[in-house]
Amino acid sequence: MKSPRTREADYLVIGCGVAGLRAAIELAGAGKVLVLSKAELTESATQYAQGGIAAALSDEDEIALHYQDTLQAGDSLCHQAAVKILVEEGPARIQELIEWGAAFDRNGTKLAFTREGAHSRSRILHAHGDSTGREITRALFARARASSIEFLPYMFTTELLLENGVVVGARLLDERQKTISEIRARALLLATGGLGQVYSETTNPSLATGDGVAIAYRAGAVLRDIEFVQFHPTALYCQGAPRFLLSEALRGEGACLRNVDLERFMPRYHEAADLAPRDVVSRALMMELLKTGAEFVYLDLTGLDPEHVRARFPRIYATCQEHNLDITADLLPVRPAAHYAMGGIATDLDGRTTLAGLFAAGEVACNGVHGANRLASNSLLEGLVYGARAGRAMAPSQAPAKVSGREEKNKVGKSSSRVAANPGPSGSNDPLPADGARRVAQIREVMWQKVGIIRSAESLQAALDILARLAPPLPSSPGRTQYEQSNLHIVAEVIARCALAREESRGAHYRSDFPCRDDERWGRYSRIALGQPVTFE
Ligand SMILES: Cc1cc2nc3c(=O)[nH]c(=O)nc-3n(C[C@H](O)[C@H](O)[C@H](O)COP(=O)(O)OP(=O)(O)OC[C@H]3O[C@@H](n4cnc5c(N)ncnc54)[C@H](O)[C@@H]3O)c2cc1C
């Protein structure tokens, strides 16, 4: 590796999924904007989003209903002001996206809406059937490329640069040039997406290694509600294949779940049956797996019109065919998989984190909009709405947020310019990469078995004990993989610690030893920061 090279920008956006792109578009014109990704520019979770994007735009819908549905799914932990902004500003953000060229599916000239779990109306817009994220990505890139925004792919952000407690830039690993460089900026946005790869079973792409959460945590930022991880009930279960998501929109169009005895079991668990909230469906599914001893249940679309299914879900149809499954005729083996992080870097309603100069938006951030359980198809909307708001707030950069209602003190970087170094894994004896890979496989399995859909004090403490022994080694000149492994370990530990501290069940966080919701004690957000205990506010 050559020595660090420094570049300057006015605004640095890390991540080019829906949140980063939307923020960058907002910033274009306010100064020099650099947007980074750690892989190909278009590779992101956004790109894989199938089902759609929710907004109260149909004639039969109302913003108040979308608001209520979001709060209901969030299980009394949503930040109501954040939800209000989401549902009120969402329609305008989508109209704008349509003006920029996003082609959502239509019935004749009218937008076509579908239904998903826990929505009281059909309000999900979709594109090319089940390629909504791809279309949104295309439209946002087209808009962004028409401005002077500069894009840099394969620039892996390793750390934040801090001066006197203020984030002034980032340190990067340029994978293609094999160089380390630094970019300094007036304000920096983390829009690095999710952390699903911390679980052995996940729908998330391989880049979802929780880098943003780990980077911000190491720099001293507060994380909020990180114990809330959504498990999607229907990931395709084929031995040896990645857990391809079978969108909830399939059930919205009439598909149903059956156990291996071919019984429709969801009516036994919830009045909304197959369209119950995701956390309810995932737990019901786990109960059925325990009861029947099977490794999967079935998703059944055989009662639907085959022609409609093929036209409506072309991507799912084609992918299942690769596994010799015809979704119009075969029962599809499915089981839950980690899907979405409700928690993340604590922000205010404009993306300000607890560190001056640092903003966050999209799945990496937590402003409380999803509460304990995200309503289906609200996250692309969140990326648009809160990406735009963060972009607006970054120019000009302002003071750090008081996200807890209390004054936050930066615990690190008080004086000189410094890199927020990795405090955990260490060692200069360049261990074999295989050791890191082995440990990460163990971390992911421990998280799935002990910090997954059903948790208890016993399983969580056991996970923490094991995790303490599994810190992946970080060689003296780490590459992207080693950084990602280290980040996954940090993310695993904070999730397990916060899950242990929350002694109740709420939304996606289910504790078998505390099976009820307890608003009086735990109707609050969790928070964790480097070197501090978990607290609730
Ligand atoms: C299979 C699947 C289907 C889904 N379907 C839907 C749906 O139908 N509707 C819905 O609302 N939501 C859906 N979701 C969730 C939704 O897609 C994501 O929550 C959302 O797209 C996240 O957007 P984002 O901008 O926050 O991050 P992402 O889209 O994940 O983008 C992250 C960006 O950050 C970059 N990055 C990450 N780490 C680094 C680093 N260290 N250095 C530099 N760059 C970095 C990446 O390269 C990438 O550009 C789905 C998710 C999955 C996985």
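Residues numbered from 1 in each chain as written. Predicted model: local features only at pLDDT ≥ 70, side-chain atom pairs only at ≥ 80, totals over all residues. Heavy atoms only, no water.

Side note on the packing of helix 1 (residues 18-27) against helix 11 (residues 379-394)
For any two helices packed against each other, the geometry comes down to the angle between their axes and how far apart the axes lie.
Inference 1: Orientation of helix 1 relative to helix 11, taken along the N-to-C sense of each, is 35 degrees, at an axis distance of 7 Å. Of the two possible hands of crossing, helix 1 and helix 11 adopt the one that is right-handed. Residue-level contacts link Val18, Ala19, Arg22, Ala23, Glu26 and Leu27 of helix 1 to Leu380, Gly383, Leu384, Gly387, Ala388, Gly391, Arg392 and Met394 of helix 11.
Inference 2: For the contact of helix 1 with helix 11, the per-class residue count stands at 8 nonpolar, 3 polar and 3 charged. (Axes fitted to C-alpha atoms, helices over the stretch in contact; angles between N-to-C directions. Helix = DSSP H or I, 4+ residues; strand = E, 2+ residues; numbered from the N terminus. Left-handed = near helix turned anticlockwise from the far one by under 90°. Contact = heavy atoms within 4.5 Å. Nonpolar A, V, L, I, M, F, W, Y, C, P; charged D, E, K, R; others polar.)

Considerations on the packing of aromatic side chains
Inference 1: Under the definition given, this model contains 8 aromatic pairs.
Inference 2: Ring pairs connect the aromatic residues Tyr199, Phe231 and Trp448, which therefore count as one cluster.
Inference 3: Over the ring of Tyr237 we find Arg335; its NZ or CZ atom is 5.1 Å from the centre of that ring.
Inference 4: Lying across the ring of Tyr340, Arg374 places its NZ or CZ 4.2 Å from the centre. (Phe/Tyr/Trp six-rings, centres within 6.5 Å; stacked < 30°, edge-to-face > 60°. Lys NZ or Arg CZ within 6 Å of the ring centre and 35° of its normal.)

Describing the site of the ligand
Inference 1: Taken together, 39 residues are adjacent to the ligand, and Thr46, Gly52, Thr157, Glu363 and Ser379 come closest.
Inference 2: At 2.7 Å from a nitrogen atom of the ligand is found a main-chain nitrogen or oxygen belonging to Gly52.
Inference 3: Leu380 places a polar main-chain atom, nitrogen or oxygen, 2.9 Å from an oxygen atom of the ligand.
Inference 4: Expressed as a share of its isolated accessible area of 1,000 Å², the protein-covered part of the ligand is 98%. (Near = heavy atom within 4 Å. Polar contact = N/O pair within 3.5 Å; in protein donor to acceptor, adjacent residues only side chain to side chain. Areas by Shrake-Rupley, 256 points an atom, 1.4 Å probe, with all protein chains shown as cover.)

Things to note about unusual backbone geometry
Inference 1: Located in the positive-phi region is Asp75, a residue other than glycine, with phi close to 55 degrees.
Inference 2: Position of Asp75 among the secondary structure elements: in the loop between helix 3 (63-73) and helix 4 (80-99).
Inference 3: Within the chain, Ser377 stands out as a residue other than glycine whose phi angle is a positive 65 degrees.
Inference 4: Position of Ser377 relative to the elements: it lies in the loop between strand 21 (365-366) and helix 11.

Focus: the sheet that holds strand 2 (residues 11-14)
Inference 1: With parallel pairing, the 5 strands of this open sheet are ordered in space as 9-3-2-13-20. Each of the sheet's edge strands pairs with one partner strand only, and the pair in question is strand 9 (150-152) and strand 20 (358-360). When strand polarity is set aside, the average angle formed by the axes of neighbouring strands in this sheet is 20 degrees.
Inference 2: Relative to strand 9, strand 3 (residues 33-36) runs parallel, the two being bridged by 3 bridges. Bridging across to strand 9, Leu34 finds its partner in Glu150. (Pairing = 2+ DSSP bridges.)

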